[in-house]
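# Analysis of the macromolecular model
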Amino acid sequence: MKKLLLNYKSINCALLLMLIGSNTISGQTVVQETFGSTAVPIANNYSGATSTPSVSYVTNVAGYTSVDLNGTDGFLNFMPNTTTGVNRISVVGALPSGSGMNGALRSNTNLITWNFNMRAARAATNIFSSSSGFQVNKYFSGVVLCSTTGSVLSNGTTPGSGYVVTLQKSANNATTGKTSLYLIKFTNGIGDVVGESSVVTRLIESPELAQVPAATTPNNLSVKVTYNPTVDVWELYYREDPITPTPITFADPSTGTFTLGGSVTDVPPTAPMTSYGFVAGLQSNASASNSYQFDNFKISLSTPPAYTVPPTIANRQVFNSSTNPTVGSLVATGSNIKWYSTLTGGTAIAASTPLTYATYYGSQTINNVESTRIATQAFIGNTSLRTLPLYDSFASYTIGDKLIQMNNGASAANLENPGTGLGSWSITPSTNITDDVLIAASPTWTNTVLPAAAGNAISFVGSGIDPELKFTNTTSGNLFSSFVINIVDAPASIIASATTPGFSTPTGFYSFSSDGIDPTTSAVITNYAADVMFRKNTTTGKYNLGLSKSNNGDECVWSTTEFDFNTQHVVVISYENIGNADPLQQVAKLWIDPASTTQPAATLSQNNPTTSVTRTNLDRIKILQASSASTPTIILDEIRVANNWSQALGGPALGVENNSISNITIYPNPVSNGKLFLTSSSNLEKEVMIFTTLGQQVLQDKTVSEAINVSTLSQGTYFIKITESGFTTTKKLIVK
């Protein structure tokens, strides 16, 4: 199933950002290479005087040279030239025999440590994947820690297997443009070209690097990798060194403070490792600015430290607030699990401590040795109903996450964790859980009617989960909702309907609704109202938006305007006179791209379909994924629900001050000491409610002159709603 903007990092070890102390390496040196203080003339058969021991190198492409760019320190430099068809290059040296390191890595009793510098003077152009890890015509660079043969490329003779550290685009690059370091295990050489049998597996991806390599601004990295053969654990550390002054100099990569980019348990091949080296993916380009440099490669042996493998912990966990989850509810596979609020230091949190929206860090202890900590982000599905007006910008969620986090096979027959979602989102358990709504990066929305967008968006396509956002049950009056959409495409699977020639099958994708009980079968049924529908004109290649009072596509009314795919639109719906006994008085309306915050005439209206429709109550909005044959790829954002037009378009509502209370003052703001004071002209009792930016209530209290205790609130931005003598004011509150 096609998805947009999916950039979720699925890393076996869960990424850690851990500052450690001095990392000075002691013990036996297996090989050390500084490439001398002068240029290395030709990589072929170079025997460097500064290699310990002396090492001869072989390159797979004749004519590629190592160049001393700064005139003082020598280093290995790969610079493309105009040689036709040259895309991958390697320089490989043999691991010295008798060095104390057993080539069968697992047979060692010592900790093996690799240190080196690497730098890129051009932007990376490929993101790692197991099927296209190192394509031709794509830029990447890597240091081969070890290989079973001296042929490390998949197009070489008898390509080896081993481990390589590469610098490539991060998995989130489409959003950030940044790079990451990868520890990759390869079999049958490095590469993935048609006719070659390379297998490349990502073991670790570091957090995104702050330095973004480019031709004019190279990055500057010190890297450390360790392998502990007693527990088969690999760890990748890195440091981003200064990129000034010019020219950049390499720092000693075997000393100083490093950041832990990740750890993983992996069993090495049984075949002995014989070689190490340096590789790059290049294009035909003679510019000196498009280059890769390596230096100060070192392999050393030392006594393994006391070590316990970290526990296995999912990087995100979701719980339902109705179960009153505690820290003891967090899930980890291991022994003697402890949970902390910080990555290092501090004391373990009691298991009975209530869970909050926060990041926790888990460790396990074996034989009195505690492991490093693994991060997990806890989400608490809020089962309390949202109050109106509500607003959801998806700001607090991570791009690539599922909006419904814990469907995990939930269905009418399996109700455990039945669709706990992010924030207040949930689902009604059903058997249709084949596809997910994902958190996506927001496009640059250009509408001028709604307030400026904030946060992320959601993306969905085809059939699958139908997330719901529930609010206080509404049994009378009107409901309004606005949102922005970009219908990106209609897959080829969306074809003309047999009953509506020239158009695809009508499909709803956004609706008010409530649940009811079928009087005959006692099954839960969904009562839809003001369902926004889509259909594609298979002749023009454009689409219509429609409105159904229920969700009956055959009774849908359609816009006369056809819209191009990949264009942005503001949509507003309403359902009026909820609970009215006369079906003709219950009216569904839809507006497309209203030009004013004052309510204009509706684009579409429906109150008299063939099938009589009445709604006694509505209590949620619902995202619909009907079918791969009818639902296109949609990005949807900026959801608002209210009882009137103004608030539904971001008018006076939660988060907008209305100055109804005379001379209301809150101080200090920002608040950092946990005590918040409120004063007004009348100085009467005030009811105080504090909400997150997503509209979730996190505190409620009353005061006349006493301080409000906000010490339980995490740092961030909130809205504080103050009610005094029937008047209400809402202000922004910042907690530091």
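Residues numbered from 1 in each chain as written. Predicted model: local features only at pLDDT ≥ 70, side-chain atom pairs only at ≥ 80, totals over all residues. Heavy atoms only, no water.

## Focus on the overall build of the chain
Put simply, the rule is: Secondary structure elements follow DSSP: runs of H or I no shorter than four residues count as helices, runs of E no shorter than two count as strands, and numbering proceeds from the N terminus. Relative accessibility under 20% of the residue-type maximum defines a buried residue, over 50% an exposed one, and the middle range a partly exposed one, all with a 1.4 Å probe and only protein chains included. Using a 1.4 Å probe, accessible areas were evaluated by the Shrake-Rupley method; residue-level cover was limited to the displayed protein chains.
In terms of regular secondary structure, the chain is built from 2 helices and 43 strands. Here the chain, with 736 residues, has 53% of them falling under the buried criterion. A total accessible area of about 29,100 Å² is found for the chain, and carbon and sulfur atoms account for 51% of it.

## As for the sheet that holds strand β7 (residues 140–147)
Short version of the rule: DSSP calls a pair of strands paired once it identifies at least 2 bridges connecting them. To obtain an axis, a line is fitted to C-alpha atoms, over the contacting stretch when the element is a helix, and the angle between two such axes runs from 0 to 180 degrees between their N-to-C directions.
Strand order in the open sheet formed by 7 strands is β3-β5-β14-β7-β8-β9-β10, with antiparallel pairing between adjacent strands. Taken across any chain shown, the strands that pair with only one partner, and hence form the sheet edges, are β3 (57–59) and β10 (199–205). Averaged over all pairs of adjacent strands, the angle between their axes in this sheet comes to 20°, without regard to strand direction. In terms of strand pairing, strand β9 (residues 179–187) meets β10 through 6 bridges, oriented antiparallel. When the sheet's bridge partners are listed, F186 is paired in β10 with V200.

## Re the environment of N108
Our working rule: By definition in these notes, contact holds between two residues if any of their heavy atoms fall within 4.5 Å. Residues adjacent in sequence count toward polar contacts only when both atoms are side-chain atoms; beyond that, a polar contact is any pair of N or O atoms within 3.5 Å, and within protein one must be able to donate a hydrogen and the other to accept it.
As for its position among the elements, N108 is in the loop between β5 (88–94) and β6 (111–120). For the pair N108 and T230, spaced 122 residues apart in sequence, the C-alpha separation works out to 8.2 Å. N108 has contacts with G100, M101, N102 and P229, leaving out every residue within four places of it along the chain. A distance of 3.0 Å separates a polar side-chain atom of N108 from the backbone oxygen of L105.

## Considerations on the sheet that holds strand β30 (residues 543–548)
On the basis of which strands lie adjacent, the open sheet formed by 7 strands has the order β23-β26-β35-β28-β29-β30-β31 and antiparallel pairing. In the strand order of this sheet, the two ends are held by β23 (425–426) and β31 (557–558), each with one partner. Sheet analysis places strand β29 (residues 524–536) next to β30, joined by 6 bridges and oriented antiparallel. Pairing of R535 across the sheet is with N544, part of β30.

## Concerning the pattern of salt bridges
The line we're drawing: The term salt bridge refers to a pairing of a side-chain nitrogen on Lys or Arg with a carboxyl oxygen on Asp or Glu at a separation within 4 Å.
Following the criterion strictly, the structure yields 12 salt bridges and no others. Across the pair E205 and R202 runs a salt bridge whose closest N-O atoms are separated by 3.1 Å. Through salt bridges with shared partners, a single network forms among E468, D515, D619, R620 and K622.

## Considerations on the pairing of strand β35 (residues 618–623)
For β35, a buried count of 6 out of 6 residues is recorded, marking the element as mostly surrounded by other parts of the structure. Bridge count between strand β26 (residues 468–474) and β35: 4 bridges; the pairing is antiparallel. Within β35, the residue paired with E468 across the bridge is K622. Relative to β35, strand β28 (residues 507–517) is paired through 4 bridges, and the arrangement is antiparallel. Across the sheet, Y510 pairs through a bridge with I623, a residue of β35.

## Brief notes about the side chain of D637
What counts, and what does not: Only four residue types enter the tally: Lys and Arg on the positive side, Asp and Glu on the negative side; His and the chain ends are excluded.
By the secondary structure assignment, D637 is in strand β36 (residues 633–642). Buried charged residue D637 carries no salt bridge. Nearest counter-charge: R640, at 8.1 Å. Here W445 takes part through its side chain, which lies 2.8 Å from a polar atom of the side chain of D637. Residues within four places of D637 in sequence aside, it is in contact with S393, F394, S442, W445, N456, A457, F483 and V484.

## Topic: the nonpolar core
The following threshold applies: Nonpolar core, defined: a set of buried Ala, Val, Leu, Ile, Met, Phe, Trp, Tyr and Cys residues in which side-chain atoms within 4.5 Å join the residues together.
Formed by 52 residues in total, the largest nonpolar core has its most connected members in F509, Y510, F512 and L636. Judged by nonpolar contacts, the second largest core, of 47 residues, contains V31, V91, M101 and L209.

## Focus on the packing of aromatic side chains
What counts is decided by this rule: Working definition: a ring pair exists when centres of Phe, Tyr or Trp rings (six-membered ring for Trp) sit within 6.5 Å. Plane angles under 30 degrees give stacked, over 60 give edge-to-face, the rest tilted. Only when the NZ of Lys or the CZ of Arg is both within 6 Å of the ring centre and within 35 degrees of the ring normal is a charge said to sit over the ring.
Under the definition given, this model contains 23 aromatic pairs. Considering the side-chain rings of F278 and F297, the 5.8 Å spacing of their centres and the 80° angle between planes classify their relative orientation as edge-to-face. One end of the pair, F278, is in strand β14 (residues 275–281); the other, F297, is in strand β15 (residues 292–302), and 19 residues separate them in sequence. Looking at F278, the relative accessible area reads 1%, which means it is buried. Judged by relative accessible area, which is 0%, F297 ranks as buried. Each residue in the set F35, Y57, F116, Y276, F278, F294 and F297 is aromatic and connected to the rest through ring pairs, giving one cluster. The positively charged end of R119 is found above the aromatic ring belonging to F250, 3.9 Å away from the centroid. The ring of Y237 is capped by K224, whose NZ or CZ atom sits 4.7 Å from the centre of that ring.

## Overview of the confidence of the model for the chain
A low pLDDT score tells you not to read the predicted coordinates there in detail. Quick note on the threshold: The pLDDT value tells you how sure the predictor is about a given residue, anywhere from 0 up to 100.
Of all residues in the chain, 83% attain a pLDDT of 70 or more, and the chain-wide mean is 82. A low-confidence stretch, residues 1–25 stays under pLDDT 50, and its non-local contacts, those more than four residues away or across chains, total 100 contacts. Across residues 39–45 the pLDDT falls below 50, and counting only partners more than four positions away or on other chains, this stretch makes 18 contacts in the model.

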